[in-house]
Amino acid sequence: MTDVVLVGCYTAEMGGKGGGISTFRRDSTGLVLDSTLELRSPSWLVKHPTLPVLYTTDETDSGAVSSVSLVDGALTLLDSEVPSGGAHPCHLAVTPDGRFLLCANYTGGSLAVFGLSAEGRITGRTDLVQHSGTGPNEVRQEAAHVHMAVPSADGSVVSAVDLGTDEIRSYTLSDAGELTPLAVSKLPAGSGPRQLVRIPGSDLAYVACELSSEVLTVRETSPGAFEVVASTPATHDAFDGENIVAHLEILDSGVYLSNRGADCVTSFSGSPLAASADQACGAHPRHFAVVDGVCYVAAQFDDKITAFPLDELGKAEIVEYPTGSPSFVLPLTF
């Protein structure tokens, strides 16, 4: 068995310093760079639920998605730069049955669906839904900005989080990969929702709000329809300046959120949700992942992955691993 951490990044096309998807071997001493598969701004990665296949965004003006083979731990490009249908795709998800790839086109303001073969290859786009609208933040909400697509547990409903319009727009997904409008949930004006993460075993979910720097607790009142039940500040300590939330994770030990501006990972617990500690983690932390009790953070502006024990959050010593403009961290075992 080989433990690795795959790191996505921003490359020169987006003003970044990365080279593609970098593979770091992980052992008791930390991370060691093994190889890099050259791709354009693979800013978000997602693995197929059952197959050794990885999907990645090409977060550039043209917008595309690619698939990568993971056989024996070696990364080999399969489907290269399939047009995503909109500029700057920033998030991908695979439906639980492995039949469809969902893509959120941020600047394009659209949600795309791609069919996947039995081998995990991208067979083509099956639908593309264009959002429209604005929000009160004239700089960040001048148009629709789809930031995340979340399939339901059975894959029949897809909820698209729109930062530009302060909405969650949900659709039914047919066996042919086509989307039909189901529900529109309005969130607080100017909140700028970025991510929706359901709480397992309940009708509740959390929404990470990029612009208002808070975490909303929402209840799914019917499939794909959400109402706000609580709001929690995004950091434990008050921060004097603009804070832009990034990635939210629900783990057995609690809820965790990365904050750009405050440049920390914040832990939350309880009901109602409350922040308990902030952990410094490097400049502009985007995505993070936890494996074997260690939190690995993509500190984009510091050009490094930072790592610290999760159980020491708030007072942990940080270990650093240099890599250009990291945006995503994906631990895997082969």
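Scope of this entry: the structure provided in the associated data block. (Residues numbered from 1 in each chain as written. Predicted model: local features only at pLDDT ≥ 70, side-chain atom pairs only at ≥ 80, totals over all residues. Heavy atoms only, no water.)

Take the nonpolar core next. If you look at soluble globular proteins, the nonpolar side chains tend to sit buried side by side. Leu6, Leu54, Tyr55, Leu92 and Leu101 are the most contacted members of the largest nonpolar core, which totals 26 residues. Secondary structure elements with two or more residues in this core: strand S1 (3-9), strand S4 (45-47), strand S5 (53-58), strand S6 (64-69), strand S9 (89-94), strand S10 (100-105), strand S11 (110-116) and strand S29 (326-333). Not counting residues within four places of it along the chain, the set of residues in contact with Leu92 comprises Trp44, Val46, Tyr55, Thr56, Thr57, Val65, Leu101, Leu102 and Cys103. In terms of nonpolar packing, the next biggest core, distinct from the first, is built from 13 residues, Phe100, Ala104, Val113 and Val146 among them. (Core = buried A, V, L, I, M, F, W, Y, C linked by side-chain atoms within 4.5 Å. Buried < 20%, exposed > 50% of the residue type's maximum accessible area, 1.4 Å probe, protein only. Helix = DSSP H or I, 4+ residues; strand = E, 2+ residues; numbered from the N terminus. Contact = heavy atoms within 4.5 Å.)

Of the consecutive residues Ser271 and Pro272, the connecting peptide bond is found in the cis state with omega at 5°. Considering the arrangement of structural elements, one finds Pro272 in the loop between strand S23 (264-269) and strand S24 (274-280). Located in the positive-phi region is Asp166, a residue other than glycine, with phi close to 55°. Topologically, Asp166 is positioned in the loop between strand S14 (157-162) and strand S15 (167-173). Of note, the phi angle at His284 is positive, near 60°, even though the residue is not glycine. Turning to its location among the elements, His284 is positioned in the loop between S24 and strand S25 (285-291). What makes His284 buried here is its relative accessible area of 15%.

This part covers the sheet that holds S15. Judged by pairing direction, the sheet is antiparallel, and its four strands sit side by side in the order S13-S14-S15-S16 without closing on themselves. One side of each edge strand has no neighbouring strand; the edge strands of this open sheet are strand S13 (146-151) and strand S16 (179-186). Across this sheet, the average inter-strand angle for adjacent strands is 20°, counted without regard to direction. Two strands pair when backbone bridges link them, and S13 and S14 are joined in this way by five bridges, in the antiparallel orientation. Residue pairing in the sheet places Ala149 in a bridge with Ala160 of S14. (Pairing = 2+ DSSP bridges. Axes fitted to C-alpha atoms, helices over the stretch in contact; angles between N-to-C directions.)

Take Asn259: it is sitting in strand S22 (residues 254-260). A relative accessible area of 0% means that Asn259 is categorised as buried. A polar atom in the side chain of Asn259 sits 3.2 Å from the backbone oxygen of Ala234. Here the side chain of Asn259 touches Asn243 through a polar contact of 2.8 Å, side chain to side chain. The residues contacting Asn259, other than those within four sequence positions of it, are Ala234, Thr235, Asn243, Ile244, Val245, Cys264, Thr266 and Pro285. (Polar contact = N/O pair within 3.5 Å; in protein donor to acceptor, adjacent residues only side chain to side chain.)

What follows is about the pattern of salt bridges. Under the defined criterion, the tally for this structure stands at 16 salt bridges. Across the pair Arg169 and Glu167 runs a salt bridge whose closest N-O atoms are separated by 2.9 Å. Taken together, the salt bridges that share partners define one network made up of Arg140, Arg194, Glu210 and Arg260. (Salt bridge = Lys/Arg side-chain N within 4 Å of Asp/Glu carboxyl O.)

Interpretation note: all reported values are geometric properties and have no functional meaning in isolation.
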